[in-house]
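This is what each chain is made of:
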Amino acid sequence: MSTPAARAAWRVAPGGTIAGSFTVPGDKSISHRALMLGALAEGDTHISGFLDGEDCLATARALGSLGVHIERPAPNEVIVHGAGMHGLVAAAAPLDMGNAGTAMRLMTGVLAPQRFDSTLVGDESLMRRPMERVVVPLQMMGAHIQTHEGRPPVQIRGTPQLRAIHYSLPVASAQVKSAVLLAGLYAAGITRVTEPAPSRDHTERMLGAFGASLRREGRSIAIDGGVPLSAARVAVPADFSSAAFFIVAACLAAERPLLLTNIGVNPTRTGLLELLRRMGADIRVHEHGVAGPDAEPAADIEVRRSLLRGITVPESLVPLSIDEFPVFFVAAACAQGETLVRGALELRVKESDRLAAVAAGLETLGVEHQLLTDGLWIRGAESLAGGTVDSRGDHRIAMAFAIAALRARAPLQVLDVANVATSFPGFAALARAAGLGLAAA
Ligand code: S3P
């Protein structure tokens, strides 16, 4: 393993302005799901706009090890030759899911009902993340799964006859919901999942598009077991979570309106737009027409520079903006007045403890803040100090602090940035083209 000093880093010049019209890479959540459902379907699934990032490539490699034939005719295009619900075969070695929590949790749901055993492992960060949350409901369905004190490796003894259950999720988690629904495809009877609050619904939409028998009943989703999936065409929109860095950058420093094109605007993902608008941001969303209720909506998003004011974030918006908090906190650090986020305990178990990582970065930047058990309080500053911020190997922490340089008085070093390639390959080049003074350190 490389020492921290040898790890990739950025040096970002202070200040600058943002401008341009561009898109960002494809949606990570949707790309993972398209691969998995394509693998379980009958026929060939054609995916366009696929995210060619390390996380989704880990899913593709794992499915390849399980006997699925996957073609890559172009960088962002994939053809998955479906193996069918019962066509996966045992992998010869443990499946390495890299940094991808989504891949590990959803694949646990896919692999629990198979006729063979599997083991899932990951990188240093993933090996520390909680898997109990998916194991508990799957065990209620009759699955045989072992972890190491709730963490990977995840060892699955395949159990073809799972029971359908009704599971009430203790926390709003799309990954847990998805793992149960995927296992429910194989269970005898109707599997029902109830969420405490809405979380991203890509799995439900895509299962519908692949012909699963699925119904939404208020906060519950019911799926009939034993219904085969049929291949589909999946057009993946650009990832809202990647666009978020440039949305905040433009709020802070747009020279002219910034236009981000073909961005996924599924309402279970766009809580950040509501938060920034409440802070005073001028953001206009030009929606494209959608093909049907299961299609993923996309839009062009126009952002102008605005004076931001601090807010108290309603807890109901936390699951709808969960991955955007690192960059939201940067917006709060540059806003006038105080911002308070509570009810965001989940941020402590992402790729890093994001509350702690952001608090440490804000300390370096001289921003008054208080780290709370389940959130952060921040008093915005006129300008930020420069200095060295450790991303802790977390892609979104790295990109968020690169954006903070727009309001810094001195250069900012961001350490340990290689994992940006998990979700946003090409971020550094795009950030430079948009106006950020970012260079490899
Ligand atoms: C994801 C769900 C969210 C999110 C993650 C991707 C998904 O995690 O933070 O980046 O694709 O289902 P949780 O399910 O843990 O909330």
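This text follows the structure it describes.
Attention in this report is confined to the structure presented alongside it. All values derive from a computational prediction rather than experimental measurement. (Residues numbered from 1 in each chain as written. Predicted model: local features only at pLDDT ≥ 70, side-chain atom pairs only at ≥ 80, totals over all residues. Heavy atoms only, no water.)

### Some remarks on the sheet that holds strand β17 (residues 298-304)
So, step 1. Taken in spatial order, the four strands of this open sheet run β2-β15-β17-β16, and their pairing is mixed. Looking at strand neighbours, the two that pair on one side only are β2 (21-22) and β16 (282-287), the edges of this open sheet.
So, step 2. With six bridges joining them, β16 and β17 adopt antiparallel strand pairing. Within the sheet, the bridge partner assigned to D282 lies in β17 and is R304.
So, step 3. Set on the sheet, helix α7 (residues 240-253) makes contact with β2, β15 (258-264), β16 and β17; between it and β15 the angle comes to about 160°. (Pairing = 2+ DSSP bridges. Helix = DSSP H or I, 4+ residues; strand = E, 2+ residues; numbered from the N terminus. Contact = heavy atoms within 4.5 Å. Axes fitted to C-alpha atoms, helices over the stretch in contact; angles between N-to-C directions.)

### Observations regarding α7
So, step 1. In this model α7 runs 19 Å from its N-terminal to its C-terminal C-alpha over 14 residues, within 8% of the 20 Å that 1.5 Å per residue would give.
So, step 2. In terms of burial, α7 is largely enclosed, as 14 of its 14 residues are buried. (Expected span 1.5 Å × (residues − 1). Buried < 20%, exposed > 50% of the residue type's maximum accessible area, 1.4 Å probe, protein only.)

### Section: the sheet that holds strand β14 (residues 233-235)
So, step 1. Across the sheet, which stays open at both edges, the four strands sit in the order β4-β5-β3-β14 with mixed pairing between neighbours. Of all the strands in the sheet, just β4 (69-74) and β14 have a single pairing partner and so form its edges. Across the sheet, the axes of successive neighbouring strands diverge by a mean angle of 15°, strand direction being ignored.
So, step 2. Here β4 pairs with strand β5 (residues 77-81) via four bridges, running antiparallel. In the sheet register, H69 faces β5, and the bridge partner there is H81.

### Observations concerning the environment of R151
So, step 1. Within the secondary structure layout, R151 lies in strand β9 (residues 151-157).
So, step 2. R151 sits 113 residues away from G38 along the chain, and the two C-alpha atoms are 28 Å apart.
So, step 3. With residues near it in sequence (within four places) discarded, R151 still touches M127, R128 and R129.
So, step 4. Within polar-contact distance, the side chain of R151 engages the backbone oxygen of R128 at 2.6 Å. (Polar contact = N/O pair within 3.5 Å; in protein donor to acceptor, adjacent residues only side chain to side chain.)

### So, the environment of P297
So, step 1. Residue position: P297 is located in the loop between β16 and β17.
So, step 2. Placed 35 residues apart in sequence, P297 and N262 show a C-alpha to C-alpha distance of 9.1 Å.
So, step 3. The contacts of P297, once residues within four sequence positions are left out, are R205, I263, G264, V265, N266, P267, E287 and V290.

### Some points on the pairing of strand β7 (residues 118-121)
So, step 1. By the alternation rule, side chains of β7 split into S118 and L120, which are all buried, and T119 and V121, of which none is buried.
So, step 2. Sheet topology note: the strand β6 (residues 95-96)/β7 ladder contains two bridges and is parallel. Considered in β7, the bridge of D96 is made with V121.
So, step 3. At this point the chain moves from β6, through helix α3 (residues 101-111), to the parallel β7, and the crossover so formed is right-handed.
So, step 4. Across three bridges, β7 lies against β9 in antiparallel orientation. Bridging across to β9, S118 finds its partner in I156. (Right-handed = clockwise from strand over helix to strand, strands pointing away.)

### Let's talk about helix α5 (residues 174-184)
Every α-helix winds through 3.6 residues per turn, so residues three or four apart in the chain are directed the same way.
So, step 1. Across the eleven residues of α5, eleven count as buried, placing the element largely inside the fold.
So, step 2. Within α5, burial applies to A174, Q175, V176, K177, S178, A179, V180, L181, L182, A183 and G184.

### Observations regarding the site of the ligand
So, step 1. What surrounds the ligand is the set S29, R33, T102, R105, R133, S173, A174, Q175, R200, I322, D323 and K350.
So, step 2. In the model, an oxygen atom of the ligand is placed 2.6 Å from a nitrogen or oxygen of the R33 side chain.
So, step 3. Taking S173, its side chain carries an N or O atom lying 2.7 Å from an oxygen atom of the ligand.
So, step 4. For the ligand, the protein covers 95% of the area, taking 390 Å² as the surface of the free molecule.
So, step 5. Only α1 (28-40), α3 and α5 provide two or more residues apiece to the shell around the ligand. (Near = heavy atom within 4 Å. Areas by Shrake-Rupley, 256 points an atom, 1.4 Å probe, with all protein chains shown as cover.)

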